[in-house]
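Reading the structure
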Amino acid sequence: MSVIILGSSGGGAATLGHTDPPHLLKTIHEQLGIISSSQTGDEVSSSSGVQREGFSRRCHGVLYALFVACEVPMDSADPDTDSATLWTVGLDRRFFDIKTSFGEQASKKYASRVLQVQPYFTGTLSQVNQKVKEVEEKVIVPEIVSQHSHVKGIICISCDPGVVNYASLSAASKMKLPVTGSGGTSLSAAIKIHKGLSLVGNAGGSVATTTYTRAVSYCCALSLAWKESYNPFQYDSTRAKPKLKSILESCLPSFLAVCFTCRVLEVLECWIRQNENGVISYFLRDILLGETSKRFVDQLRNQALPTVCSVVAAISLASNHGPIVIMASVVASMSCWGSVLSGLLTGWFVSAVMDRCLFMCIKSGVPATMTNILVAGFVGPIVALLVHSIGLVTILSSVTTIIRLLVRTTPAWSPWDGTGYGFVLGCLFCYGSKIGWYHSIFLPIILVEMEHGETSLWGSVDQCALVLVSAGVCAANCTMTRDHLPRRGLKINLCCGDFIEVAYPYMEDSILVNLSAYLASGVATEILYQTKPTISVMTSAYFPLPLSIFLAEDNWRISIAMLSAFFIAFLGTLTSRILSTLIEKKTKTS
């Protein structure tokens, strides 16, 4: 069985996603493909994915689609002057199959048809409407009334039942096809004009709806009319989703930006207090030292990053919901003051609740508009209240406070005063970066350190023991070879604070280079941990070298640590290259 879609971008502009017809049509097609006649609902695992046992695809998606997208809302459009485009499916018959995640053999049977959504005709709105009527009379109506037709349902999206789509809806009424859709005005008119039209499901208005909400609503309505099985939540649960640790690391740009902004404001505030009589400080005093500025910095340090983590977690785990999951996660994050871990969990809670609430509302017959109001509007406050009431923020804030205390403290007990701890830690950083510890251990802890818009001590270790060691190795190779790779590595390490992996091949090729890298990492980190207090040398990688030095309070000490890391690695690598050259020459001579 298949479905035909008729519609337009609608009369108003309060619908999210109405300006992207290809995405809308493809989302509906994907959801239609989930409709099945599964009897058991059991799941069996395979080496390549998960497939429901007894799964039998009942709907093959969209057979034809005629969608008019106007550059302005239809309510205010001038048919003779405003431009519109007719987007179509099926008129060129260019469908093709792809392999799904269910395996080689399963893909042959259950492969998803990928829709080719094409801009068929562009002109004034009246010209496009005329083209739609022609296509309906030549293609759509014959397909609906055909004795062997596979069309078993119609989806109307803000269509025109009285003029433009009259022929198709008349044929659908004659054939007793179930019709669902959105757009309150058009559906009401369709019922009045086409007597006997079978309107099913929770068809209604489209205000504040999204592409996904409408697609699920349409498919749920048709599946009930066909007496078939449809569960988008169960289907989505089989897809691989990112871990919370990966989501935290993806928020790195915001952490760096907040950290840098807070440091700049801190330096400016200090400068103003020292130059109170200056002309510039006079104008900046009210901006940077007033109550409004203090509230801004406070929000930046305690609310910005938890909100970012919450939104990124929610949109990563429930991306199909689009804007509504962002709305809910932003509201929910208001309970996460000063805790990025609670922000991550709040985003996860929102994504978990969102699917269940949306499908429950639609299956209960709640119209799409009210469904979005309930889901996007109330999930956020409910999750925020839950997180606040169970004291989750307090617990997780205590955990991150303990982590920062452990990271920034040099362990010491009698008679050992802690000397050498930094050296060992630097060597561990160097070793761990080669075997996958950086993204699994080091970077998450660095981000936890930066939770309140502060720089990080392990960020300083990252910059010295990894970035500048790599830069030193690359610099030495630049003096001995004309290869492009070490030059690129040196430039990126010094200007971007990244690309430490470029040094690994050179370290593996030479024991001396490897030892010098470990020595450089250990010495530089020892310098950092011998500084009292250690918070004075906190900075971050991923910045140009001068900015990385600027972020630290003790610019002199952090510079010494960085130079030590660079020059020890440089001299060790240079010595290795010289010895290798001499040995090679001696071998050739002999």
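Residues numbered from 1 in each chain as written. Predicted model: local features only at pLDDT ≥ 70, side-chain atom pairs only at ≥ 80, totals over all residues. Heavy atoms only, no water.

1. Side note on the overall build of the protein chain
Check the secondary structure of the protein chain and you find 23 helices and 11 strands. Here the protein chain, with 590 residues, has 50% of them falling under the buried criterion. Summed over its atoms, the accessible surface of the protein chain is roughly 27,200 Å², and 62% of this surface lies on carbon and sulfur atoms. (Helix = DSSP H or I, 4+ residues; strand = E, 2+ residues; numbered from the N terminus. Buried < 20%, exposed > 50% of the residue type's maximum accessible area, 1.4 Å probe, protein only. Areas by Shrake-Rupley, 256 points an atom, 1.4 Å probe, with all protein chains shown as cover.)

2. Description of helix 12 (residues 323-332)
If you check which residues of helix 12 are buried, you get Ile 324, Val 325, Ala 328, Ser 329 and Ala 332. Summarising the axial view, the buried residues of helix 12 lie within an arc of 130 degrees, below the 170-degree limit, and thus occupy one face. (Arc of directions from axis to C-beta.)

3. Quick look at the pattern of salt bridges
Within the structure shown, the criterion is met by 6 salt bridges. One salt bridge in this structure joins Glu 134 and Lys 131, with 3.9 Å as the shortest N-O distance. With Glu 134 and Lys 131 both in helix 3 (residues 125-145) and 3 residues apart, this pair spans about one turn of that helix. A relative accessible area of 24% means that Lys 131 is categorised as partly exposed. (Salt bridge = Lys/Arg side-chain N within 4 Å of Asp/Glu carboxyl O.)

4. Overview of the packing of helix 18 (residues 457-480) against helix 23 (residues 555-589)
Look at helix 18 against helix 23: their axes get within 7 Å of each other, and the N-to-C directions meet at 35 degrees. Between helix 18 and helix 23 the crossing geometry is right-handed. (Axes fitted to C-alpha atoms, helices over the stretch in contact; angles between N-to-C directions. Left-handed = near helix turned anticlockwise from the far one by under 90°.)

5. Notes on the confidence of the model for the protein chain
Predicted coordinates in areas of low pLDDT are best not read in detail. Confidence in the prediction for the protein chain averages 83 pLDDT; 85% of positions are at 70 or higher. In the predicted structure, residues 38-55 sits below a pLDDT of 50 and forms 39 contacts with residues beyond four places in sequence or in another chain. Note that residues 94-113 has pLDDT below 50 and, in this model, 41 contacts with residues that lie over four places away or in other chains. (pLDDT = per-residue confidence, 0-100. Contact = heavy atoms within 4.5 Å.)

6. Points about the side chain of Thr 88
Looking at where Thr 88 falls in the secondary structure, it is placed in strand 5 (residues 83-89). Apart from residues lying up to four places away in sequence, Thr 88 is in contact with Ala 65, Leu 66, Gln 116, Val 117, Gln 118 and Tyr 120.

7. Structural notes on the packing of aromatic side chains
Under the defined criterion, the tally for this structure stands at 11 aromatic pairs. Judged by centre distance (5.6 Å) and plane angle (85 degrees), the ring pair of Tyr 431 and Trp 437 falls under edge-to-face. Look at Phe 566 and Phe 570: their rings are 6.2 Å apart centre to centre, the planes differ by 10 degrees, and that puts the pair in the stacked class. Here Phe 566 and its partner Phe 570 are both found in helix 23, 4 residues apart, which amounts to about one turn of the helix. Comparing Phe 566 with Phe 570 shows no difference in burial state: the two are buried. Each residue in the set Phe 260, Phe 543 and Phe 550 is aromatic and connected to the rest through ring pairs, giving one cluster. (Phe/Tyr/Trp six-rings, centres within 6.5 Å; stacked < 30°, edge-to-face > 60°.)

8. A short note on the sheet that holds strand 11 (residues 198-199)
The pairing of strands in a sheet happens through backbone hydrogen bonds and is either parallel or antiparallel. In space, the 7 strands of this open sheet follow the order 8-5-4-1-9-10-11, with mixed pairing throughout. On the outer flanks of this sheet lie strand 8 (118-124) and strand 11, each paired with one strand and no other. Alignment of strand 1 (residues 2-8) against strand 9 (residues 151-157), held across 6 bridges, turns out to be parallel. Opposite Val 3, over in strand 9, you have Gly 153 as the bridge partner. Of the strands in this sheet, strand 1, strand 4 (62-70), strand 5 and strand 9 are in contact with helix 1 (residues 21-32), which crosses strand 4 at around 155 degrees. (Pairing = 2+ DSSP bridges.)

9. Comments concerning the environment of Ser 351
Note that Ser 351 resides in helix 13 (residues 340-363). Residues within four places of Ser 351 in sequence aside, it is in contact with Ala 314, Leu 317 and Ala 318. Reaching out from Ser 351, the side chain makes a polar contact with the backbone oxygen of Trp 348 at a distance of 2.8 Å. (Polar contact = N/O pair within 3.5 Å; in protein donor to acceptor, adjacent residues only side chain to side chain.)

10. Thoughts on the pairing of strand 1
Of all 7 residues in strand 1, 7 are buried, a share of seventy percent or more. On strand 1, burial covers both faces: Ser 2, Ile 4, Leu 6 and Ser 8 on one face and Val 3, Ile 5 and Gly 7 on the other are all buried. As defined by bridge partners, strand 1 adjoins strand 4 across 6 bridges and the pair is classed as parallel. Considered in strand 4, the bridge of Ile 4 is made with Tyr 64.

11. Details of the environment of Cys 251
Of note, Cys 251 is situated in the loop between helix 8 (244-250) and helix 9 (252-274). Here the alpha-carbon distance between Cys 251 and Val 311, two residues 60 residues apart in the chain, equals 10.0 Å. With residues up to four places along the chain from it excluded, the contact list for Cys 251 reads Val 308, Cys 309 and Val 312.

12. What about the nonpolar core?
Core analysis: the biggest nonpolar cluster contains 71 residues, and Phe 255, Phe 429, Trp 458 and Cys 464 have the highest contact counts within it. Among residues more than four places away in sequence, those in contact with Phe 255 are Leu 248, Leu 305, Cys 309, Val 340, Leu 447, Met 450 and Glu 451. By size, the runner-up hydrophobic cluster in this structure holds 48 residues, among which are Ala 314, Leu 358, Val 387 and Leu 396. (Core = buried A, V, L, I, M, F, W, Y, C linked by side-chain atoms within 4.5 Å.)

13. Thoughts on unusual backbone geometry
Of note, the phi angle at Lys 176 is positive, near 55 degrees, even though the residue is not glycine. Since its relative accessible area comes to 60%, Lys 176 is described here as exposed. For Tyr 542, which is not a glycine, the phi torsion comes out positive at approximately 65 degrees. Mapped onto the fold, Tyr 542 is located in the loop between helix 21 (511-530) and helix 22 (545-551). Since its relative accessible area comes to 23%, Tyr 542 is described here as partly exposed.

14. Points about the state of the cysteines
Tallying each qualifying case throughout the model produces 0 disulfides. Looking at Cys 309, it has no disulfide partner, and the nearest cysteine sulfur is the one in Cys 251, 4.1 Å off. Judged by relative accessible area, which is 0%, Cys 309 ranks as buried. Unpaired in terms of disulfides, Cys 430 finds its nearest cysteine sulfur in Cys 427, a separation of 7.2 Å. Cys 430 gets classed as buried once you look at its relative accessible area, which sits at 4%. (Disulfide = S-S within 2.5 Å.)

15. Observations regarding a nonpolar patch on the surface
A contiguous nonpolar patch, built from Phe 423, Val 424, Leu 428, Tyr 431, Ile 435, Trp 437, Ile 441 and Leu 519 and spanning about 660 Å² of accessible area, is present on the exposed surface. When contributions to the nonpolar patch are tallied by element, the ones reaching two or more residues are helix 16 (421-434) and helix 17 (437-449). For the nonpolar patch, the leading source of residues is helix 16, giving 4 residues. Checked against the element boundaries, Leu 519 lands in helix 21. (Patch = residues over 30% accessible without salt bridge, like charges linked within 9 Å, V, L, I, M, F, W, Y side chains within 5 Å.)

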